[in-house]
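# Structure at a glance
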Amino acid sequence: MADIAATVETYWATAQARDWRAFGATLADDVRYELPQTRERVLGRDGVVRFNAEYLGEWSLEVERVIADGAQAVSWVRFSEDEEETQAISFFTASADGRIQTITDFWPAPYEPPREREQMVERF
């Protein structure tokens, strides 16, 4: 089996480069991509490539960290679009041939914490 961490790094690098052919090569034919917060699911390599290729706006991403264990990996990515930044945590599993079989993306929305916590925390 190929190194899932390296495959995930390539997945993000080819997305950033808008190299959709190479991006698609990281995916299993029957890949499943899920976004729990919006309750969306995209099935199949062509659908996942299209979903990402047609994402609107001027965006950029930077991988903060990829951690892998066996056939599973998780990544932390900083995503910038039109001067706004958000972060995502994505979970991946590998197929038998080392390509990405499943992706589950969590894109948390930033919010201001409750004032009651001001004395307990340091803001960054």
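Everything numeric in this text was worked out from a predicted model, so none of it was measured.

## Regarding the overall build of the protein
A count of helices and strands for the protein gives three helices and six strands. Looking at the protein as a whole, 32% of its 124 residues qualify as buried. Residue pairs in contact within the protein that sit at least 24 positions apart in sequence constitute 44% of those at least 6 positions apart. Element-wise, carbon and sulfur atoms account for 50% of the exposed surface of the protein, whose accessible area totals about 8,300 Å².

## Overview of the pattern of salt bridges
Pairs can form between side chains of opposite charge whenever their charged atoms are close. Evaluation of the coordinates by the stated rule reveals nine salt bridges. Of the charged contacts in the structure, one is a salt bridge between Arg 50 and Glu 54, with a shortest N-O distance of 3.0 Å. Under the relative-accessibility criterion, Arg 50 is labelled exposed at 54%. Each of Asp 29, Arg 45, Asp 97 and Arg 99 takes part in a single network of salt bridges with overlapping partners.

## Focus on the UniProt feature "domain: SnoaL-like" (unreviewed entry) in the protein
Taking the UniProt record as the reference, the feature "domain: SnoaL-like" (unreviewed entry) is found at residues 8-100. Between the end C-alpha atoms of residues 8-100 the distance is 8 Å, and the span holds 27% helix and 49% strand.

## Overview of the side chain of Ser 95
Looking at the element boundaries, Ser 95 is found in the loop between strand S5 (84-94) and strand S6 (100-106). Within the structure, Ser 95 has its side chain in polar contact with the side chain of Asp 97 (distance 2.4 Å).

## Here's the deal with helix H1 (residues 4-17)
Along its 14 residues, H1 runs 20 Å from first to last C-alpha, staying within 8% of the 20 Å computed at 1.5 Å per residue. Buried within H1 are the following residues: Ile 4, Ala 5, Thr 7, Val 8, Tyr 11, Trp 12, Thr 14 and Ala 15. Measuring from the backbone nitrogen of Ala 5 back to the side-chain oxygen at the start of H1 gives 3.1 Å, which picks out Asp 3 as the cap. Positive phi appears at Arg 18, one or two residues downstream of H1, with a value of about 60°.

## So, the sheet that holds strand S3 (residues 59-69)
Sheet architecture is open: six strands sit in the order S2-S1-S6-S5-S4-S3, paired in mixed fashion. Both edges of this open sheet fall to strand S2 (40-43) and S3, since each of them pairs with a single strand only. Taking the axes of each pair of neighbouring strands and ignoring which way they run, one obtains an average angle of 20° across the sheet. Note: S5 against S6, six bridges, orientation antiparallel. The residue of S6 that forms the bridge with Ser 90 is Asp 105. This element, H1, spans strand S1 (27-35), S3, strand S4 (72-81), S5 and S6 of the sheet and lies at about 175° to S3.

## Some words on a nonpolar patch on the surface
The grouping of Ile 89, Phe 91 and Phe 106 at the surface amounts to a nonpolar patch, some 230 Å² of accessible area in total. In this structure Ile 89 comes out as partly exposed when scored by relative accessible area, which is 32%.

Conventions adopted
Residues numbered from 1 in each chain as written. Predicted model: local features only at pLDDT ≥ 70, side-chain atom pairs only at ≥ 80, totals over all residues. Heavy atoms only, no water. Helix = DSSP H or I, 4+ residues; strand = E, 2+ residues; numbered from the N terminus. Buried < 20%, exposed > 50% of the residue type's maximum accessible area, 1.4 Å probe, protein only. Contact = heavy atoms within 4.5 Å. Areas by Shrake-Rupley, 256 points an atom, 1.4 Å probe, with all protein chains shown as cover. Salt bridge = Lys/Arg side-chain N within 4 Å of Asp/Glu carboxyl O. UniProt positions renumbered as here; feature names shortened; annotations may be inferred. Polar contact = N/O pair within 3.5 Å; in protein donor to acceptor, adjacent residues only side chain to side chain. Expected span 1.5 Å × (residues − 1). Pairing = 2+ DSSP bridges. Axes fitted to C-alpha atoms, helices over the stretch in contact; angles between N-to-C directions. Patch = residues over 30% accessible without salt bridge, like charges linked within 9 Å, V, L, I, M, F, W, Y side chains within 5 Å.

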